[in-house]
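# Structural description and commentary
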Amino acid sequence: GVLTVSWEPIDGSAGAIRTLRERSVPLRFATNTTTRTRAEVAALLVAAGIDVHADEILTAPAATAAYLRSAHPTARCFLLNTGDLSEDLEGIDLVDDGAADVVVIGGAGVDFTHQQLNRAFRLILDGAAFVAMHRNLYWRTSSGLELDTGAYVRALAEATGVEPVVLGKPSADFVLTGVDELGVDAGRVAMIGDDIENDVLGAQHAGLRGILVRTGKFREEVVSASREQPDLIVDCMADIP
């Protein structure tokens, strides 16, 4: 929604990244995409004409894997996700059947059937830890807005009475991982996003500046209804340099 929609470049986004690099502005690319690995995301962006390297990309699945290795190192994990994340979840014990110690909710899609959601519900009731890769409610595709993981996460939290650990945006830990990699103070970093809650406000709460673009999932009525506002609103990524 900032650089691409359905992996097609938004006008001016490639040039904006090129200009920032020419000015030696350090960059990280933070995404809640859960259907592709970091390498796949990088390849798709490069194919769209955007100069990106895989090691500059921060993904919710990679953050989730790091958390699981630290907080639940020997856990059996039931993963509900659309897409193959085995590369980013290497070393995590993923189970399809039987008991599980952790329920991990990834990217919404055709695999989010009633049967699978009900299994997640029962496992959490039985004591499994509840982890969500992110809580985005919807995203923009070339065919329009599409329901995302956050809607299901909210439903499971409501039904079980258990709040999940959220690893992707707007988690402060996730945002500050990028800040640490950039090697500058948080106050010198701006998060540019199309989602006022998960991108902009999440970044502001972590001490960054928040810039909202009017592309992707941007909706004027959502911004108007928000009690908190971005530091800056621009039409698109091309305005950033």
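Let me sum up the structure you'll find in this document. Since we're looking at a predicted model, the values are computed, not measured. (Residues numbered from 1 in each chain as written. Predicted model: local features only at pLDDT ≥ 70, side-chain atom pairs only at ≥ 80, totals over all residues. Heavy atoms only, no water.)

## Structural notes on the overall build of the chain
- Within the chain, the secondary structure is distributed over eight helices and 14 strands.
- Whereas a compact globule of 241 residues would reach a radius of gyration of roughly 18 Å, the chain reaches 18 Å, a difference of no more than 12%.
- The principal-axis extents of the C-alpha atoms in the chain amount to approximately 55 × 35 × 35 Å.
- Taken across its 241 residues, the chain has 48% of its residues classed as buried.
- Look at the contacts in the chain between residues 6 or more apart in sequence, and 64% of them connect residues 24 or more apart.
- As presented, the chain carries roughly 11800 Å² of accessible surface, and 47% of it is formed by carbon and sulfur atoms. (Helix = DSSP H or I, 4+ residues; strand = E, 2+ residues; numbered from the N terminus. Rg over C-alpha atoms; globule rule 2.2 N^0.38 Å. Buried < 20%, exposed > 50% of the residue type's maximum accessible area, 1.4 Å probe, protein only. Contact = heavy atoms within 4.5 Å. Areas by Shrake-Rupley, 256 points an atom, 1.4 Å probe, with all protein chains shown as cover.)

## What to know about the sheet that holds strand β7 (residues 102-105)
- Read across the sheet, five strands follow the order β6-β5-β7-β8-β11 without closing on themselves; strand pairing throughout is parallel. Pairing within the sheet leaves two strands with one partner each, and these edge strands are β6 (93-94) and β11 (165-166).
- Contacts from helix α3 (residues 60-71) reach β5 (76-80), β7, β8 (129-132) and β11 within the one sheet, and its direction differs from that of β7 by about 170°.
- On top of the sheet, helix α5 (residues 149-160) reaches β7 and β8; it is set at about 160° to β8, its chief contact. (Pairing = 2+ DSSP bridges. Axes fitted to C-alpha atoms, helices over the stretch in contact; angles between N-to-C directions.)

## Digging into the environment of R219
- With respect to the helices and strands, R219 occurs in the loop between β13 (209-213) and α8 (220-225).
- On the basis of relative accessible area, R219 is assigned to the partly exposed category, the value being 30%.
- Considering only alpha carbons, one finds R219 and I196, 23 residues apart in sequence, at a separation of 9.3 Å.
- Among the polar contacts listed, one links the side chain of R219 to the side chain of Y138, at a separation of 3.3 Å. (Polar contact = N/O pair within 3.5 Å; in protein donor to acceptor, adjacent residues only side chain to side chain.)

## Re unusual backbone geometry
- With an omega of 15°, the peptide bond between K169 and P170 qualifies as cis.
- One can find P170 in the loop between β11 and α6 (172-182).
- The backbone of S24 shows a phi angle near 60°, a positive value even though the residue is not glycine.
- By the secondary structure assignment, S24 is in the loop between α1 (13-22) and β3 (29-31).
- By relative accessible area, S24 is classed as exposed at 62%.

## Here's the deal with the sheet that holds strand β12 (residues 190-193)
- Overall, parallel pairing links the three strands, which are arranged β12-β13-β14 in an open sheet. Each edge of the open sheet is held by one strand with a lone partner, namely β12 and β14 (232-234). On average, each strand axis in the sheet is inclined to that of its neighbour by 20°, with strand direction left out of account.
- As defined by bridge partners, β12 adjoins β13 across four bridges and the pair is classed as parallel. Looking at β13, one finds that I192 is bridged to I211.

## Notes on the pattern of salt bridges
- One pass over the structure, following the stated rule, counts nine salt bridges.
- A salt bridge links K169 to D199; its shortest N-O distance comes to 2.8 Å. In this pair, K169 is assigned in the loop between β11 and α6 and D199 in helix α7 (residues 196-205), connecting sequence segments 30 residues apart. We note that K169, like D199, is buried.
- Notably, a salt bridge pairs D235 with R214, separated by 2.9 Å at the nearest N-O pair. Of this pair, D235 sits in the segment after β14 while R214 is found in the loop between β13 and α8, placing the two residues 21 residues apart along the sequence.
- The exposure class of R214 is partly exposed, given its relative accessible area of 39%. (Salt bridge = Lys/Arg side-chain N within 4 Å of Asp/Glu carboxyl O.)

## Thoughts on the nonpolar core
- Ranked by internal contacts, the top residues of the largest apolar core, which has 20 residues, are L3, I17, F29, I50 and M237.
- Elements that contribute at least two residues to this core include exactly α1, α2 (38-47) and β13.
- Of the residues forming this core, the biggest block, four residues, is contributed by α1.
- In contact with I17, other than residues within four places in its own chain, are L3, L27, F29, I50, D51 and M237. (Core = buried A, V, L, I, M, F, W, Y, C linked by side-chain atoms within 4.5 Å.)

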